[in-house]
Amino acid sequence: MFGFDGEVKGFQSVVERISSNYSNIKLDHKEVRAYARCMLIILPELDINSRFKPEIQTLLAVISASGLPHYDRSFLASRILELLKDDAFLKSSNNESNVFEPDNF
């Protein structure tokens, strides 16, 4: 999609910004909601394990809803970060398990 390669780092950076927003409010509610709506669109293109995508999708949808305080949006974004860490761990575990395959000698 538009030359997007599925890299998660930019996505994670935006989620981190939302996650840390409750303490020193730099983003207003409209900005946070806009980020979440836009990230919902690229979620299918991200290189994230399919077992994590449904929860991330739900969390982004909730973050984009009206009427939530910054703390709640921040809390939900923190959960997305946990899922991204689980995904990264799973990827690294899979890479380490392939170390002793015949092609790697």
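Our structure's up above, just so we're on the same page.
Just so it is clear, the structure is predicted and the values come from calculations on it, not from any experiment.

Asks: Please provide a residue-by-residue account of the environment of Tyr35, values included.
Replies: Relative to the helices and strands, Tyr35 resides in helix α2 (residues 29-42). Placed 20 residues apart in sequence, Tyr35 and Val15 show a C-alpha to C-alpha distance of 8.6 Å.

Asks: Describe in detail the pattern of salt bridges, supporting the description with residues and values.
Replies: Opposite charge on two side chains allows them to pair when their charged atoms are near. Per the counting criterion, the structure on display carries 4 salt bridges. Here Glu82 and Arg79 are joined by a salt bridge, their closest N and O atoms 3.1 Å apart. Taken together, the residues Glu82 and Arg79, both in helix α4 (residues 70-97) and 3 residues apart, mark about one turn of the helix. Residues participating in the shared-partner salt-bridge network are Asp47, Asp87 and Lys91.

Asks: Kindly report on the nonpolar core, identifying the contributing residues and their values.
Replies: Membership of the largest hydrophobic core comes to 23 residues, with the highest contact counts inside it found for Phe11, Ile48, Ile56, Ile80 and Leu84. Of all elements in the fold, only α1 (9-19), α2, α3 (53-63) and α4 reach the threshold of two or more residues within this core. Of the residues forming this core, the biggest block, 6 residues, is contributed by α4. If sequence neighbours within four positions are ignored, Ile48 has contacts with Val8, Leu43, Lys53, Ile56, Leu84, Asp87 and Lys91.

Asks: So what about the environment of Gln12? Which residues, and what values?
Replies: Here Gln12 is to be found in helix α1. On a C-alpha basis, the gap between Gln12 and Ile80 in space is 8.6 Å, while along the polypeptide they are 68 residues apart. Beyond its immediate sequence surroundings of up to four residues, Gln12 is in contact with Leu81 and Leu84.

Asks: Would you mind going over α3 in detail, with residue names and values included?
Replies: Within α3, the full set of buried residues consists of Lys53, Ile56, Leu59, Leu60 and Ile63. In a view along the axis of α3, the buried residues occupy a sector of 125°, so they form one face of it.

Parameters and conventions
- Residues numbered from 1 in each chain as written.
- Predicted model: local features only at pLDDT ≥ 70, side-chain atom pairs only at ≥ 80, totals over all residues.
- Heavy atoms only, no water.
- Helix = DSSP H or I, 4+ residues; strand = E, 2+ residues; numbered from the N terminus.
- Salt bridge = Lys/Arg side-chain N within 4 Å of Asp/Glu carboxyl O.
- Core = buried A, V, L, I, M, F, W, Y, C linked by side-chain atoms within 4.5 Å.
- Buried < 20%, exposed > 50% of the residue type's maximum accessible area, 1.4 Å probe, protein only.
- Contact = heavy atoms within 4.5 Å.
- Arc of directions from axis to C-beta.

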